[in-house]
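So the chains spell out like this:
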Amino acid sequence: MLLIALKLFLALSLITLSLWLWRLAGSWQDRGRIPTEWVESVNPKPVSTTQRGAKPFLLWQRAMGVLFFIFAFLLFLSIIFQLAGDV
């Protein structure tokens, strides 16, 4: 039972993380810039979404959100199979 609770907690955490990443990428795309806190350089400045490399970054962030969601779905399937017993 403890393992099921742990899987449920991990699945909910992954769903929360995936939604956060997806919404963050969406808000950056709507605003048209990536904030300074997320830019890694010697002298960080906000990056416009029209600059080179910004679109793949936003796409990558959304892809990570989808990947986390898939892992959460697999954890939910694992819980269902564990509750159903040996199939």
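The present account deals with the structure reproduced in this document. (Residues numbered from 1 in each chain as written. Predicted model: local features only at pLDDT ≥ 70, side-chain atom pairs only at ≥ 80, totals over all residues. Heavy atoms only, no water.)

All right, on to the packing of helix α1 (residues 2-31) against helix α2 (residues 54-84) then. It is the contact of α1 with α2, at a shortest axis distance of 8 Å, that shows an interaxial angle of 160°. It follows from the interaxial angle that α1 and α2 lie roughly antiparallel. In this structure, α1 meets α2 at a crossing whose hand is left-handed. A breakdown of the residues in the contact of α1 with α2 according to their chemical character gives 26 nonpolar, seven polar and three charged. (Axes fitted to C-alpha atoms, helices over the stretch in contact; angles between N-to-C directions. Helix = DSSP H or I, 4+ residues; strand = E, 2+ residues; numbered from the N terminus. Parallel < 35°, antiparallel > 145°, perpendicular 65-115°, else oblique. Left-handed = near helix turned anticlockwise from the far one by under 90°. Nonpolar A, V, L, I, M, F, W, Y, C, P; charged D, E, K, R; others polar.)

The end-to-end C-alpha distance of α1, which contains 30 residues, comes to 43 Å, matching closely the 44 Å that a straight helix rising 1.5 Å per residue would cover. Of all the residues in α1, the buried ones are Ile4, Lys7, Ala11, Ser18, Leu21, Leu24, Ala25, Gly26 and Trp28. Packed against the buried residues of α1 are β1 (33-34) and α2. In the stretch just after α1, Gly32 is the one whose phi turns positive, near 85°. (Expected span 1.5 Å × (residues − 1). Buried < 20%, exposed > 50% of the residue type's maximum accessible area, 1.4 Å probe, protein only. Contact = heavy atoms within 4.5 Å.)

The subject of this paragraph is the nonpolar core. Judged by nonpolar contacts, Leu24, Ala25, Trp28, Ile34, Val39, Val47, Ala54 and Leu58 together constitute the single largest core of eight residues. If you list the elements that add at least two residues to this core, you get α1 and α2. Counting residues per element, this core draws most heavily on α1, which supplies three residues. (Core = buried A, V, L, I, M, F, W, Y, C linked by side-chain atoms within 4.5 Å.)

Look at α2: 45 Å from first C-alpha to last across 31 residues, which is about the 45 Å you get at 1.5 Å a residue. When α2 is considered as a whole, its buried residues turn out to be Ala54, Leu58, Gln61, Gly65, Ala72, Leu75 and Ile79. Looking one or two residues beyond α2, the residue adopting positive phi is Gly85, at roughly 90°.

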